[in-house]
Amino acid sequence: MFKKIVITLAVSTVAISAAFSSKNANSIQIKGSDTMVNLGQAWAEKYMEANPAEFISVTGGGSGTGFSSLISGTCDIAMSSRSIKPKEIDLAKGKGINPKEITVALDGLAVVVNPKNPVEKLTLDQLAQIFTGKITNWKELGGPDLKIVLLSREVNSGTHVYFKEHVLRKGNAGFQEEFAPQALMLSSSQAIADEVAGNTGAIGYYGMGYISPKQKAVMVAKTGSLEFVSPTMDNVINGKYPISRPLFLYTNGEPQGLVKKFIDFILSQVGQDIVAKTDFVPVQK
Amino acid sequence: MRKLKEFIIEKLILLCGLASILFVALIFLFLLKEGLALFKTILPKDFLFGHKWYPISEPALFGILPLILGSFLVTAGAAVISVPIGVACAVYIAEVAPAKLKEILKAGIELLAAIPSVVLGFIGMVTLVPWVKTLFHLPTGLTALSGSIMLAFMAMPTIVSIAEDALYSVPKTYKEGALALGATHWQAIWRVMLPAAGSGILAAVMLGIGRVIGETMAVMMITGNSAVMPASILEPVRTLTATVAAEMGEAVVGSEHYFALFAVGIVLFVISFFINVTADLSLHRKK
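Calculation notes
- Residues numbered from 1 in each chain as written.
- Chains lettered and ligands numbered in written order.
- Predicted model: local features only at pLDDT ≥ 70, side-chain atom pairs only at ≥ 80, totals over all residues.
- Helix = DSSP H or I, 4+ residues; strand = E, 2+ residues; numbered from the N terminus.
- Buried ≥ 20, exposed ≤ 12 C-beta atoms within 10 Å, placed from the backbone.
- Contact = placed C-beta atoms within 7 Å.
- Core = buried A, V, L, I, M, F, W, Y, C linked by C-beta atoms within 7 Å.
- pLDDT = per-residue confidence, 0-100.
- Axes fitted to C-alpha atoms, helices over the stretch in contact; angles between N-to-C directions.
- Parallel < 35°, antiparallel > 145°, perpendicular 65-115°, else oblique.
- Left-handed = near helix turned anticlockwise from the far one by under 90°.
- Nonpolar A, V, L, I, M, F, W, Y, C, P; charged D, E, K, R; others polar.
- Pairing = 2+ DSSP bridges.
- Right-handed = clockwise from strand over helix to strand, strands pointing away.
- Bend = angle between axes of the 7 residues up to and from the residue.
- Expected span 1.5 Å × (residues − 1).
- Arc of directions from axis to C-beta.

Undergrad: Mind showing me how you'd approach the overall build of chain A here?
TA: Helix and strand counts for chain A come out as 10 helices and 12 strands. If you line up chain A on its principal axes, its C-alpha atoms span 80 × 50 × 40 Å. In chain A, buried positions account for 44% of the 285 residues. Contacts in chain A between residues at least 24 apart in sequence constitute 71% of all its contacts with a sequence separation of at least 6.

Undergrad: How should I be thinking about the overall build of chain B in this particular structure?
TA: The helix and strand inventory of chain B stands at 12 helices and two strands. Reported as C-alpha extents along the three principal axes, the dimensions of chain B are approximately 75 × 75 × 30 Å. Looking at chain B as a whole, 41% of its 287 residues are labelled buried. Sequence separation of 24 or more characterises 73% of the internal contacts of chain B that already satisfy a separation of 6 or more.

Undergrad: Looking at this model, I keep getting lost on the interface of chain A and chain B. Mind explaining?
TA: In many analyses, interface size is given as the accessible surface area lost on bringing the parts together. Contact with chain A, which involves 25 residues of that partner, is made by 24 residues of chain B. Secondary structure elements with two or more residues in the side of chain A that touches chain B: α3 (63-72), α4 (86-94) and β7 (184-186) of chain A. When residues in the side of chain A that touches chain B are grouped by element, the largest group, six residues, is from α3 of chain A.

Undergrad: Whenever I open this one, the nonpolar core confuses me. Can you help?
TA: In a soluble, globular protein the nonpolar side chains are often hidden away together inside. V111 of chain A together with L151, I159 and A163 of chain B are the most contacted members of the largest nonpolar core, which has 147 residues in total. It is helix α6 (residues 144-168) of chain B that provides the largest number of residues to this core, a total of 16 residues. Other than its neighbours up to four places away in sequence, L151 of chain B contacts V74, A78, V212, E215, A218 and V219 of chain B.

Undergrad: Got a minute to help me understand the confidence of the model for chain A in this structure?
TA: The predicted coordinates of low-pLDDT regions are not to be read in fine detail. Averaged over every residue, the pLDDT of chain A is 85; residues scoring 70 or more account for 91%. In this model, residues 14-23 of chain A is a region of pLDDT below 50 whose contacts with residues beyond four sequence positions or in other chains number zero contacts.

Undergrad: Can you help me understand the environment of F55 of chain A in this one?
TA: All names here are of chain A. Here F55 is to be found in strand β2 (residues 55-59). You can call F55 partly exposed: it has 14 C-beta atoms within 10 Å. With 11 residues separating them in the primary sequence, F55 and A44 have C-alpha atoms 8.2 Å apart.

Undergrad: Could you clarify how one ought to interpret the environment of F273 of chain B in this entry?
TA: All names here are of chain B. With respect to the helices and strands, the residue F273 is situated in helix α12 (residues 256-286). Taking the C-beta count within 10 Å as the criterion, F273 has 12 such neighbours and is therefore assigned exposed. Linking F273 and L240, residues 33 residues apart in sequence, is a C-alpha distance of 15 Å.

Undergrad: Looking at this structure, how should I read the packing of helix α3 (residues 65-96) of chain B against helix α9 (residues 198-214) of chain B?
TA: In a pair of packed helices, the angle between the axes and the distance between the axes together describe the arrangement. Residue and element names in this part refer to chain B. Where α3 contacts α9, the axes come no closer than 9 Å and their chain directions differ by 140°. Comparing the axis directions of α3 and α9 gives the class oblique. For the crossing formed where α3 meets α9, the hand is right-handed. Listed contacts from α9 to S71, T75, A78, A79, S82, V83, G86 and V87 of α3 are I201, V205, G208, I209, V212 and I213. Here the residues of the contact of α3 with α9 are counted per class, giving nine nonpolar, five polar and no charged.

Undergrad: Looking at this model, I keep getting lost on the packing of helix α7 (residues 172-180) of chain B against helix α8 (residues 185-196) of chain B. Mind explaining?
TA: Residues and elements named next belong to chain B. Direction vectors running N to C along α7 and α8 enclose 155°, while the axes themselves pass 10 Å from each other. Judged by the inter-axis angle, α7 sits roughly antiparallel to α8. Crossing hand, α7 versus α8: right-handed. Within the contact between the two elements, α7 uses Y174, K175, A178 and L179 and α8 uses A188, V192, M193 and A196. Class assignment for the residues of the contact of α7 with α8 results in seven nonpolar, no polar and one charged.

Undergrad: Quick question: what am I supposed to make of the pairing of β2 of chain A here?
TA: Side chains on a regular strand alternate between the two faces of the sheet. All names here are of chain A. Along β2, the buried face is formed by I56 and V58; none of F55, S57 and T59, which line the opposite face, is buried. Sheet topology places strand β1 (residues 27-32) next to β2; five bridges connect them, and they run parallel. Of the residues in β2, the one forming a bridge with S27 is F55. In terms of handedness, the path from β1 via helix α2 (residues 37-50) over to β2 forms a crossover that is right-handed.

Undergrad: Please explain helix α5 (residues 117-135) of chain B as it appears in this structure.
TA: Each α-helix turn comprises 3.6 residues. Residues three or four places apart therefore point the same way. Residue and element names in this part refer to chain B. Taken as a whole, α5 carries its principal kink of about 45° at M125. Of all the positions in α5, only L120, G121, G124, M125, V129, V132 and K133 are classed as buried. Tucked into the core, α5 has its buried residues touching α6 and α10 (217-222). Two residues or fewer after α5 comes H137, characterised by a positive phi angle close to 50°.

Undergrad: So what exactly am I meant to see when it comes to α2 of chain A here?
TA: Residue and element names in this part refer to chain A. The end-to-end C-alpha separation of α2 is 20 Å, in line with the 20 Å expected for 14 residues at 1.5 Å each. Listed as buried for α2 are L39, G40, W43 and A44. All buried residues of α2 fall inside an arc of 130° around its axis, so they share one side. Exposed and facing more than 90 degrees away from the buried side of α2 are E45 and E49. Those residues of α2 that are buried lie in contact with β1, β2, β3 (77-80), β4 (99-113), α9 (257-267) and α10 (269-277).

Undergrad: Sorry, what's going on with the environment of P231 of chain A here?
TA: Residues and elements named next belong to chain A. Relative to the helices and strands, P231 resides in the loop between β10 (219-221) and α8 (233-237). Using a count of 23 C-beta atoms within 10 Å as the deciding quantity, one classes P231 as buried. In contact with P231, other than residues within four places in its own chain, are G108, A110, M208, A217 and Y241.

And the structure:
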């Protein structure tokens, strides 16, 4: 009886450890920016169609999550909608990881309001005042007498960080502007889209891939004297739209083997066509 | 041989018994080790009583007072809703309901406990949140009140089943004596049964509250998560648990933010420890 148990245990232990220890050489783990999850998955699907023996898994969590996984060695590629911070580079170097940045697409950040809201256009300055809590009512912007409900992403989002640095602080590292504490922190771009669709006083921001007829993207101008432009692919490419950003992949050192093959695929014509199809802007023509 | 077997099994169970204590101790030590590291750079006073939570700014601000108040506000709201309903429900099941209905009610309550919190959160988000928004003419329905209502559902099963046990364990003779003295059924329940089961009911309430304050998923989905000092229950709040859950993914291991989240964990641990001890004390006083 005892013997039997011991033997079963021993056999199963060996089997389990074998299953876990043989790290699958044919798979890549990709993690990070929620903005890029759909894009990453579209790439992975197309790539795996052509290379059925290889497996690529793509998960979100936010740009910060991607970096912390890359640093702790639990993913091969980190997706990010912001550049890596010096602090994160130091942490990575400390663990023997050498982050290498590759720009794979561009993204316009849309500022959205409910379609019933009459406000059509805003300047960067007004946006900064809205999101820092200095303007709190739509009537100050020519809209109805309605309290503004601020919607923001959680701090693990690259979109949150980008919006803070480039809209609230206008790209000036010395500025100390913060999101107003009363801003609602939602955990996904979809949650912001849903709340804007159902709330006439709400204003939020996200990658332009999430725009649907249920939200209205406001036209944005750098200053009042410049032209107001809407977040479209053309306006991002020609640089007219003021809130656009590059999207990155980060690898540990120069990409090699499977990772290199996958990144070459992304930068190829087929990969960049997928970028355009998922409502982002290609970087390679 | 038999003796040896007996000996081995005895020691094995002893080991299992000690294991749970060991695990708690290890978890607590880990929590302390990671959390206290924060206080090398941040004053405990600024942490506990600071009004601003901006964990990724330069310099970062780690004031968790709005988060503590947010947690308390949601919990207090949930208690106000769930305690009267829960205790009344327990009284009905234990004292009034006919046997058949009693079984149905008990099964229903157990089913309520089995609903995963993310499902409750989702249901709250699509049904309760718009309702709260229109009913109170609010700019947004993602408020502490929405969280309280949803969490009340989660606390109810705990409160009902433990309070019912407490009522059940009151000796039959108490009630019979009261009825024999001419008390009505309600008088017997209100004046005799409830006071006699008082400490057990208090324990039920405390354990229900303990369940609410540790709840994460549902509150994260429906309370709006804005780290502002709460002025009313009709405003968005951010709780301690939602903060840890929302930000842990981003925090790089070993960073200040990471230590701060563990320190939040210590605060939560201390709060729920006190709640559990209170519940335990009142349960034992009864005996």
